[in-house]
Amino acid sequence: RHQTVWFDRTAMAYNAPEDKAGMAESVEQIDSLIDKIVGSGVPLNRIGVAGLSMGACVALHVGYGAGRYAGQLPMVSSFSTFLAE
């Protein structure tokens, strides 16, 4: 599946179905980047994630949701966003 945005939105409405597969794919992409950064010698306690709009939603999921590093990052920042399921 080719994905050009962090995750898909079928409509800009509160009751629109969430793209859980797309969100999981985006979280995995960020987790893989964190894996590489940690593998290069940067301690996890020196890594944070941030984003704007949809990227901020992904950052929240990486830092507090189902990501491998959820609850372990010292900084998560989000600007102008929403929290998808």
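Structure report, in brief. (Residues numbered from 1 in each chain as written. Predicted model: local features only at pLDDT ≥ 70, side-chain atom pairs only at ≥ 80, totals over all residues. Heavy atoms only, no water.)

## Details of the nonpolar core
Then step 1. One finds Ile-34, Val-49, Val-62 and Leu-73 to be the most contacted residues of the largest nonpolar core, which totals 16 residues.
Then step 2. Considering each element in turn, this core owes the most residues, five residues, to helix α2 (residues 54-64).
Then step 3. Those residues in contact with Leu-73 that lie beyond four places of it in its chain are Ile-34, Leu-44, Ile-47, Val-49, Val-62 and Gly-63. (Core = buried A, V, L, I, M, F, W, Y, C linked by side-chain atoms within 4.5 Å. Buried < 20%, exposed > 50% of the residue type's maximum accessible area, 1.4 Å probe, protein only. Helix = DSSP H or I, 4+ residues; strand = E, 2+ residues; numbered from the N terminus. Contact = heavy atoms within 4.5 Å.)

## Brief notes about the packing of helix α1 (residues 20-39) against α2
Then step 1. Between α1 and α2, whose axes approach to 9 Å, the crossing angle comes to 65°. Of the possible angle classes, the one that applies to α1 and α2 is roughly perpendicular. In this structure, α1 meets α2 at a crossing whose hand is right-handed. Of the residues in α2, those touching α1 at Met-23, Ser-26, Val-27, Ile-30, Asp-31 and Ile-34 are Cys-57, Val-58, His-61 and Val-62.
Then step 2. Taken together, the residues of the contact of α1 with α2 sort by class into seven nonpolar, two polar and one charged. (Axes fitted to C-alpha atoms, helices over the stretch in contact; angles between N-to-C directions. Parallel < 35°, antiparallel > 145°, perpendicular 65-115°, else oblique. Left-handed = near helix turned anticlockwise from the far one by under 90°. Nonpolar A, V, L, I, M, F, W, Y, C, P; charged D, E, K, R; others polar.)

## Remarks on the pairing of strand β2 (residues 75-79)
Then step 1. Of the strand pairs in this sheet, strand β1 (residues 48-52) and β2 are connected by five bridges, and their pairing is parallel. Paired with Gly-51 across the strands is Ser-78, a residue of β2.
Then step 2. In the classification by handedness, the crossover that spans β1, the intervening α2 and the parallel β2 is right-handed. (Pairing = 2+ DSSP bridges. Right-handed = clockwise from strand over helix to strand, strands pointing away.)

## Some remarks on α2
Then step 1. A large share of α2 lies buried, amounting to nine of its eleven residues.
Then step 2. Residues of α2 that are buried include every one of Gly-55, Ala-56, Cys-57, Val-58, Ala-59, Leu-60, His-61, Val-62 and Gly-63, and no others.
Then step 3. Looking at the buried residues of α2, the elements they touch are α1, β1 and β2.

## Describing the environment of Gln-72
Then step 1. With respect to the helices, strands and loops of the structure, Gln-72 is situated in the loop between α2 and β2.
Then step 2. C-alpha separation for the pair Gln-72 and Val-62, spaced ten residues apart in sequence, amounts to 9.9 Å.

## A closer look at the side chain of Ser-77
Then step 1. Tracing the chain through its elements places Ser-77 in strand β2.
Then step 2. Not counting residues within four places of it along the chain, the set of residues in contact with Ser-77 comprises Val-49, Ala-50, Gly-51 and Ala-59.

## Some points on α1
Then step 1. An ideal rise of 1.5 Å per residue puts 28 Å on 20 residues; α1 measures up with 28 Å between its terminal C-alpha atoms.
Then step 2. Along α1, the residues that are buried comprise Gly-22, Met-23, Ser-26, Val-27, Ile-30, Asp-31 and Ile-34.
Then step 3. Check the buried side of α1 and you find it contacts β1 and α2.
Then step 4. Following α1 by one or two positions, Gly-41 adopts a phi angle in the positive range, close to 110°. (Expected span 1.5 Å × (residues − 1).)

Bear in mind that shape data such as this cannot, by itself, settle questions of function.
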